[in-house]
Amino acid sequence: MAPFTLAHLSDPHLPPLPKPRLIELAGKRALGYVNWTRNRHNYHRREVLDALVADIKAQAPDHIAVTGDLVNLAMEAEFAPARAWLDGVGPPDRVTTIPGNHDAYVRVTRHRFGETFAPYLADDDGNTGFPGVRRRGPAALISLSSAVPTPPLMATGTLGHDQLAALERVLDQLAAEDVFRVLLVHHPLKSSAWQKRLTDSAALLALLKRHGVELILHGHDHIHSTMWFAGRNGNIPAIGVPSASALAHGRHPAAAYNLFAIEKDNAGWHCEQIVRSIDHDLQVREIKRARVV
């Protein structure tokens, strides 16, 4: 039997940014808009994102996970184009998404992500809350939301007590099933940047040490990243990817995505990671292949 393939991309920060209304440029959005017009629009490019998605489709994965930051300032005019883009990536039964901090950039529109992308969030029972579980082939995709509005210059994430308690119940239930558990969360579980951290990562790491999962996928940092955390039956790989729309800039690499080939053998689970990245000619090529489980 062929391996189950899961593609992971993150942080498309869908360009171009719609022209904001003056009333929308207050508080945190004003700073974000200045940052976009002076800086971010130079390297978040739609042609980059389109080339990456075209390559994903050519690889024909069984499922695609998008771990947040589909929009930039969470303005009302951003959500419909972002939904149209995600519809172009694939149908809700083949694509799963979760929110990032930019999708809940300000309180007034923090609800719009859940409304706009409900079919891509819904779990096996049709619920759109977090945590959610979607069983696809041998995988159980466990969706979390670390997206919360934050003050200017802050990009932290928080899961909260209720979500962590519900996650513990979910992992208890999945322990009885023979599934490859993939945890989807926008923020990395460890960060050197205080203003970008997951504030309750210690509680999540303690929970995972008790229960374990097979793989953690995240975004947020816009870099290639592999970290290892203690799990119930050994270390858990936590893997992040660059922004799916970005040209290489500064310490941030060019847009890339990961493809995971998951299968069960006599020794247990086997998962190979294939990294595919865009080059200066907007061609997507394999740059790395490694076994992670």
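Given the structure is predicted, the values throughout are model-derived calculations rather than measurements.

**Observations regarding unusual backbone geometry**
Of note, the amide linkage connecting P15 to P16 takes the cis form, showing an omega dihedral of -5°. As for its placement among the helices and strands, P16 is situated in the loop between strand 1 (4-9) and helix 1 (28-38).

**What about the side chain of D123?**
Structurally, the position occupied by D123 is in the loop between helix 5 (118-121) and strand 4 (132-136). Despite being buried, D123 has no salt bridge partner; R134 is the closest side chain of opposite charge, sitting 7.5 Å away. Within the structure, the side chain of D123 is placed 2.8 Å from the backbone nitrogen of D125, a separation counted as a polar contact.

**Brief notes about helix 3 (residues 76-89)**
Among all positions in helix 3, only E78, F79, A82, W85, L86 and V89 are buried. On an axial view of helix 3, the arc spanned by its buried residues comes to 130°, and they lie on one face. The outward face of helix 3, more than 90 degrees from its buried face, is lined by the exposed residues A80 and A84. Residues of helix 3 that are buried in the fold lie against strand 1, helix 2 (46-59), strand 2 (63-66), strand 3 (95-97), helix 4 (112-116) and helix 5.

**What about helix 7 (residues 201-211)?**
The set of residues buried in helix 7 consists of S201, L204, L207, L208 and H211. Along the axis of helix 7, the buried residues cluster in a sector spanning 125°; they form a single face. Within helix 7, the exposed residues directed more than 90 degrees away from the buried face are A202 and K209. Positive phi shows up at G212, right after helix 7, with a value of about 75°.

**Quick notes on the packing of helix 6 (residues 161-174) against helix 7**
Two elements in contact, helix 6 and helix 7, have axes separated by 11 Å at closest approach and are oriented at 15°. One element, helix 6, and the other, helix 7, form an angle in the roughly parallel class. For the pair helix 6 and helix 7, the sense of crossing is right-handed. Taken together, the residues of helix 7 that come into contact with helix 6 (itself represented by L164, L167, E168, L171 and D172) are A203, L204, L207, L208, R210 and H211. Considered class by class, the residues forming the contact of helix 6 with helix 7 number seven nonpolar, one polar and three charged.

**Side note on the pattern of salt bridges**
Tallied over the entire structure, the rule returns 16 salt bridges. Residues R112 and E76 are paired through a salt bridge, measuring 2.7 Å at the closest nitrogen-oxygen approach. With a gap of 36 residues between them, R112 in helix 4 and E76 in helix 3 connect regions that are remote in the sequence. Among the residues examined, E76 registers a relative accessible area of 36% and is labelled partly exposed. Taken together, the shared-partner salt bridges connect D124, R135, R136 and E177 into one network.

Conventions and cut-offs
Residues numbered from 1 in each chain as written. Predicted model: local features only at pLDDT ≥ 70, side-chain atom pairs only at ≥ 80, totals over all residues. Heavy atoms only, no water. Helix = DSSP H or I, 4+ residues; strand = E, 2+ residues; numbered from the N terminus. Buried < 20%, exposed > 50% of the residue type's maximum accessible area, 1.4 Å probe, protein only. Lys, Arg positive; Asp, Glu negative; His and termini not counted. Salt bridge = Lys/Arg side-chain N within 4 Å of Asp/Glu carboxyl O. Polar contact = N/O pair within 3.5 Å; in protein donor to acceptor, adjacent residues only side chain to side chain. Arc of directions from axis to C-beta. Contact = heavy atoms within 4.5 Å. Axes fitted to C-alpha atoms, helices over the stretch in contact; angles between N-to-C directions. Parallel < 35°, antiparallel > 145°, perpendicular 65-115°, else oblique. Left-handed = near helix turned anticlockwise from the far one by under 90°. Nonpolar A, V, L, I, M, F, W, Y, C, P; charged D, E, K, R; others polar.

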